[in-house]
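Reading the structure
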Amino acid sequence: MGWNEVEGRLVKQSGMEFVSCNGWKERQAISEAVREEFLEISGPRVDEAVTFCCAATRRQRVLREIVDCLRRQLGG
């Protein structure tokens, strides 16, 4: 259980390999995948981390980069 599972869940559920973070649905899917894997992290904290990681760069990027950013922000 961990960050690899978050990434795997996102790829499996939505086919996301690249993330632009432009759409609410995309950010919501990322937040939900993290919450499902890490029940001990509060929803608002996850949402803040997703917002931070999405704002870190405006370009579309590989999903792995977002997951790595989230891991740094939330621990693990």
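Residues numbered from 1 in each chain as written. Predicted model: local features only at pLDDT ≥ 70, side-chain atom pairs only at ≥ 80, totals over all residues. Heavy atoms only, no water.

**Things to note about the state of the cysteines**
What counts, and what does not: In plain terms, two cysteine sulfur atoms within 2.5 Å form what is called a disulfide here. Each helix is a run of H or I in the DSSP string that is no shorter than four residues. Each strand is a run of E no shorter than two, and both are numbered from the N terminus. Burial classes: relative accessible area under 20% of the type maximum marks a residue as buried, over 50% as exposed, and values in between as partly exposed (1.4 Å probe, protein chains only).
On inspection of all chains with the given rule, the structure shows two disulfides. A sulfur-sulfur distance of 2.0 Å marks the disulfide that ties Cys 21 to Cys 54. In this structure, the disulfide formed by Cys 21 and Cys 54 twists by about -60 degrees around the S-S bond and is classed as left-handed. Here the residue Cys 21 occupies a position in the loop between β1 (18-19) and α2 (24-37), and Cys 54 occupies one in helix α3 (residues 43-55), the gap between them amounting to 33 residues. Each member of the pair, Cys 21 as well as Cys 54, is classed as buried.

**What to know about the pattern of salt bridges**
Going by this rule: A pairing counts as a salt bridge when a side-chain nitrogen of Lys or Arg comes within 4 Å of a carboxyl oxygen of Asp or Glu.
In total, this model carries six salt bridges according to the counting rule given. Put simply, Arg 9 and Glu 36 hold a salt bridge, and the shortest N to O gap is 3.4 Å. Of this pair, Arg 9 sits in helix α1 (residues 3-14) while Glu 36 sits in helix α2; the two residues are 27 residues apart in sequence, bridging distant segments of the chain. Ionic pairing is found between Asp 47 and Arg 35, a salt bridge with its closest N-O pair at 2.4 Å.

Function-wise, these values are silent; they only describe arrangement.
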